[in-house]
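# Structure at a glance
Chain by chain, the residues run as shown.
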Amino acid sequence: MLTMLLRKEGVLSEVAENGQIAVDLVLSDVDKYSLLLMDNQMPVVNGVEATKRLRMSGYKNLIVGVTGNVLEDDVGEFLAAGADLVMFKPLKMAQLSTLLTFVDENSSIS
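Residues numbered from 1 in each chain as written. Predicted model: local features only at pLDDT ≥ 70, side-chain atom pairs only at ≥ 80, totals over all residues. Heavy atoms only, no water.

### Side note on the packing of helix 3 (residues 47-56) against helix 4 (residues 72-81)
Formally: Every axis corresponds to a line fitted to the C-alpha atoms, with the helix fit spanning only the stretch in contact, and the corresponding angles, defined between N-to-C directions, vary from 0 to 180 degrees. Under the scheme used here, helices are H or I runs from DSSP no shorter than 4 residues and strands are E runs no shorter than 2 residues, and both carry numbers assigned from the N terminus. Orientation is classified from the angle alone, with under 35 degrees giving roughly parallel, over 145 giving roughly antiparallel, 65 to 115 giving roughly perpendicular, and any other angle giving oblique. Rotating anticlockwise by less than a right angle from the far helix to the near helix defines a left-handed crossing, while the corresponding clockwise rotation defines a right-handed one. In this analysis, two residues are considered to be in contact whenever any of their non-hydrogen atoms come within 4.5 Å of each other. Note that Gly is not counted as nonpolar here; it falls among the polar residues with everything else outside the nonpolar set of Ala, Val, Leu, Ile, Met, Phe, Trp, Tyr, Cys and Pro and the charged set of Asp, Glu, Lys and Arg.
Axis separation between helix 3 and helix 4 bottoms out at 8 Å; the angle between their running directions is 20 degrees. Regarding the angle of helix 3 to helix 4, the classification is roughly parallel. For the element pair helix 3 and helix 4, the recorded crossing hand is left-handed. Of the residues in helix 4, those touching helix 3 at Gly47, Val48, Thr51, Lys52 and Arg55 are Glu77, Phe78 and Ala81. Looking at the contact of helix 3 with helix 4 residue by residue, the class counts come to three nonpolar, two polar and three charged.

### What to know about the sheet that holds strand 3 (residues 85-88)
In sheet architecture, strand pairing relies on hydrogen bonds along the backbone and comes in two forms, parallel and antiparallel. Here is the rule: Here, a strand pair is defined by DSSP locating no fewer than two bridges between the strands.
Taken in spatial order, the three strands line up as 1-2-3 in an open sheet, and their pairing is parallel. Strand pairing shows two members of the sheet lacking a second neighbour, strand 1 (35-39) and strand 3, which therefore form its edges. Looking at each pair of strands side by side, their axes are set apart by 30 degrees on average, direction ignored. In this sheet, strand 3 lies alongside strand 2 (residues 62-67) in parallel orientation, the contact comprising four bridges. Among the inter-strand pairings, Val66 is bridged to a residue of strand 3, identified as Met87. Most of the contacts of helix 5 (residues 93-105) go to strand 1, to which it runs at about 145 degrees, and overall it touches strand 1, strand 2 and strand 3.

### Let's talk about helix 2 (residues 19-28)
Heads up, the condition is: When a residue's accessible area, from a 1.4 Å probe over protein chains only, is under 20% of the maximum for its type it is buried; when over 50% it is exposed; and in between it is partly exposed. Each direction from the helix axis to a C-beta atom contributes to the arc, which is the arc of those directions.
Three or more residues of helix 2 are buried, namely Gly19, Ala22, Val23 and Val26. When helix 2 is viewed along its axis, its buried side chains cluster within an angular range of 95 degrees and face the same direction. Buried residues belonging to helix 2 abut strand 1 and helix 3.

### Digging into the pattern of salt bridges
Close approach of charged atoms allows side chains with opposite charge to pair. The condition is simple: Salt bridges are counted wherever a side-chain nitrogen of Lys or Arg sits within 4 Å of a carboxyl oxygen of Asp or Glu.
Counted under the stated rule, the structure contains four salt bridges. With a closest N to O distance of 3.2 Å, Lys32 and Glu14 form a salt bridge. Of this pair, Lys32 sits in the loop between helix 2 and strand 1 while Glu14 sits in the loop between helix 1 (2-8) and helix 2, and the two are 18 residues apart along the sequence. Assessed through its relative accessible area of 40%, Glu14 is described here as partly exposed. Where Arg53 meets Glu49, a salt bridge forms, and the shortest distance between an N and an O atom there is 3.1 Å. Linking Arg53 with Glu49, this pair stays in helix 3, spanning four residues, or about one helical turn. Residue Arg53 is classed as partly exposed on the basis of its relative accessible area of 33%.

This is how it looks when you write it as structure tokens:
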């Protein structure tokens, strides 16, 4: 679903099957990704842990945590791990458009 929304916005995206694969992909070419959407429910390594590992490895680009949990503690956990922003499922096209516009307009992020 998210891939289809991104495609409608003209965004090239890559899907990792789990959090460990996401970390490995990003660290293999840190300049390739200007935005990461990290799902908290990824298998093997969840989005919070994947975010923490990327930040500890020096990754500086935008990381957005994606979760279905709206509790303050859950959001805080993502932010403490290094996420720049947390968005709640289900993501809407308007939310993604705003986020993508922000990324596009801030060349220091990409």
